[in-house]
Amino acid sequence: MGNSKNSYLEIDLDKVVENYNYIKGLTNSKVMAVVKANAYGLGIVEIAKVLKKAGADFFGVAFYEEAIKLIKSGIKEKILIFNYIKKEYLNKLININNIIITIYSIEQLNGYIDYMGDNINKLKIHLKVNTGLDRLGIREEDLNIAIKLIKKYNLKIEGIYSHFANASGNEGYTRFQDNNFNKIIKKFEENNILFRVKHISNSAATLLYRKFDYDYVRVGMAIYGLQPLEEYNNNIKEVLTLKSIISGVFNVKKGENIGYGLKTAALKNMKIAIIPIGYSDGYLFQLSSKGLVEINGIECNIVGEVCMDQIIVDVSKIENLKIEDEVIVIGGKIGINRLAKIVDTIPDEILCKLSNSLEKNYIGDV
Ligand SMILES: *Cc1c(COP(=O)(O)O)cnc(C)c1O
């Protein structure tokens, strides 16, 4: 598999660190670097390494395997796993002292207790509570049971957290969630369950507010150059370029069909270029007839459907194009945030979906 290096990712680690430092400069909280989903597609090991160097002492991942990968790559800093871990892996975690698991429901906790018995108190835990996202999180009506179980089994609860539903768009609801968070913390504290570490803010909340800062903010998007807010923030630098080449240049007459489906006829005599990248590389099919690429500094529209491993672009405006000339598929004038807007998705999706088979070239001095 792979793309014979016709196409590859260039990832600027200096910019990753700049973004991380910018976030750090905004808040007095520590910054948990969220590196789930292979660091949003950019490569969890390489990204964690530079963020560690930049001072990150806590990493957030979605799954057990990601945490293990970090540890194997030499990360000794704390790692919080957000999502469910199958019971069969729990015993392995007893001996790994920098992995922290999330307990987010009574059913989950009871299942773990049944499986682990008294060893349950050897796991390091952050509680996740629901404050209004209604995804994973202990619900208010279950708090009393949670308190009972924590005491009965002497659980090692090191922290508590929650997650915002719409920090970028709705301050009222965000404040409502934060109020709930405080009420829940108070309830635990009244029952002598204290937390060393509390955290709730994601990238959007960290950019916008200081009043929701606790011990940590949990930041993914902004580190990777993805804009969390409607309003573009120039301090957040795009870190990714997806480069490819031209594999063919052809002249097409007005009225000729271009690409699959017989849906696109040339509106004029035009010149097209073929680029060997498509949805098998993670380049979204939705970019059909909508996306753009940059060639010689000029923006070129995609014509017709994105194919499995090719796209067709209009290069009528460009002279002297030839096979193997460079194409910037994502980056430059057509950054990931702009592409996301074009197809009405979030930039995270475009980044995460880029295929792992695309070679990653890391640049920067860090
Ligand atoms: C993904 C995630 C984050 C980071 O969110 P961004 O918007 O990318 O900053 C923080 N906390 C949790 C629980 C997450 O799942």
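Because the structure is a prediction, the values reported are computed rather than measured.

Definitions and limits used
Residues numbered from 1 in each chain as written. Predicted model: local features only at pLDDT ≥ 70, side-chain atom pairs only at ≥ 80, totals over all residues. Heavy atoms only, no water. Core = buried A, V, L, I, M, F, W, Y, C linked by side-chain atoms within 4.5 Å. Buried < 20%, exposed > 50% of the residue type's maximum accessible area, 1.4 Å probe, protein only. Helix = DSSP H or I, 4+ residues; strand = E, 2+ residues; numbered from the N terminus. Domains from an automatic or database assignment. Contact = heavy atoms within 4.5 Å. Axes fitted to C-alpha atoms, helices over the stretch in contact; angles between N-to-C directions. Parallel < 35°, antiparallel > 145°, perpendicular 65-115°, else oblique. Left-handed = near helix turned anticlockwise from the far one by under 90°. Nonpolar A, V, L, I, M, F, W, Y, C, P; charged D, E, K, R; others polar. Near = heavy atom within 4 Å. Polar contact = N/O pair within 3.5 Å; in protein donor to acceptor, adjacent residues only side chain to side chain. Areas by Shrake-Rupley, 256 points an atom, 1.4 Å probe, with all protein chains shown as cover. 1 Å grid on protein atoms, 1.4 Å probe; cavity = no way out; pocket = protein on both sides within 12 Å on 5 of 7 lines; lining within 4 Å. Sits in = over half its atoms within 2 Å of the grid points. Arc of directions from axis to C-beta. Points joined across faces, edges and corners; volume = space filled by probe spheres on them. Pairing = 2+ DSSP bridges. Salt bridge = Lys/Arg side-chain N within 4 Å of Asp/Glu carboxyl O.

We now examine the nonpolar core. Counting 122 residues, the largest nonpolar core has L51 and F188 as its most contacted members. Here this core gets 6 residues from one element, more than from any other, and that element is helix α3 (residues 44–53). Residue assignment places this core across two domains, with domain 1 (13–223) and domain 2 (240–334) each supplying three or more. Sequence-distant contacts of L51, defined by excluding residues within four places in its chain, comprise V16, Y20, A33, V35, A56, F59 and I223. Residues I258, A266, M270 and I312 belong to the second largest nonpolar core, which totals 8 residues.

At a minimum axis distance of 10 Å, the contact between helix α6 (residues 106–116) and helix α7 (residues 143–152) shows a crossing angle of 20°. On the basis of their axis angle, the class for α6 and α7 is roughly parallel. Here α6 and α7 pass one another in a crossing that is left-handed. Each of I106, L109, N110 and I113 in α6 lies in contact with α7, whose residues at this interface are I145, A146 and L149. Partitioned by chemical class, the residues of the contact of α6 with α7 number 6 nonpolar, 1 polar and no charged.

Every residue close to the ligand is listed here: V34, K36, Y40, F82, K128, H163, N202, S203, R218, V219, G220 and M221. Here an oxygen atom of the ligand sits 2.6 Å away from a polar atom, N or O, in the side chain of K36. Residue Y40 places a side-chain N or O atom 2.5 Å away from an oxygen atom belonging to the ligand. A total of 380 Å² of accessible area belongs to the ligand in isolation, and the protein chains cover 91% of it. Among the cavities detected, the one that contains the ligand is the largest pocket. Only α2 (36–40) and β9 (216–219) provide two or more residues apiece to the shell around the ligand.

Our next topic: α7. Buried within α7 are the following residues: L143, A146, I147, L149 and I150. Considered in projection along α7, the buried side chains sweep an arc of 170° and stay on one side of the axis. Within α7, the exposed residues directed more than 90 degrees away from the buried face are K148 and K152. In the core, the buried residues of α7 are packed alongside α6, β6 (124–128), β7 (156–161) and α8 (171–190). Just past α7, the residue N154 takes up positive phi, approximately 50°.

This part takes up the domain arrangement of the protein chain. When the parts of a complex come together, some accessible area is lost, and that lost area is often used as the size of the interface. According to the domain assignment, the protein chain contains domain 1 (13–223) and domain 2 (240–334). Using C-alpha coordinates to define each centre, domain 1 is positioned 42 Å away from domain 2.

What follows covers the layout of surface pockets. Computed from the structure, the largest pocket encloses a volume of approximately 1200 Å³. Around the largest pocket, the lining is made up of 41 residues, and of these Y40, N202, M221, I346 and D348 lie nearest the centre. Among the secondary structure elements, those contributing two or more residues to the lining of the largest pocket are α2, α9 (203–208), β9, α10 (336–342) and α11 (347–353). Split into classes, the residues belonging to the lining of the largest pocket amount to 21 nonpolar, 11 polar and 9 charged.

The strand order across the open sheet built from 3 strands is β11-β12-β15, with neighbouring strands paired in antiparallel fashion. At either end of the open sheet lies a strand with only one pairing partner, and these are β11 (248–252) and β15 (311–314). Neighbour to neighbour, the strand axes of the sheet diverge by 30° on average, direction disregarded. Here strand β12 (residues 270–275) runs beside β15; their pairing, made up of 4 bridges, is antiparallel. Paired with A273 across the bridge in β15 is V313.

Once that is clear, we can look at the pattern of salt bridges. What the rule picks out here adds up to 19 salt bridges. The partner of D57 in a salt bridge is K30, and the shortest N-O contact between them spans 2.7 Å. Of this pair, D57 sits in the loop between α3 and β3 (58–61) while K30 sits in strand β2 (residues 30–34), placing them 27 residues apart in sequence. Overall, D57 belongs to the partly exposed group, its relative accessible area being 22%. On the basis of relative accessible area, K30 is assigned to the partly exposed category, the value being 43%. With a closest N to O distance of 3.8 Å, E189 and K198 form a salt bridge. What makes E189 partly exposed here is its relative accessible area of 32%. Salt bridges sharing partners connect three or more residues here, namely E10, K243 and E326.

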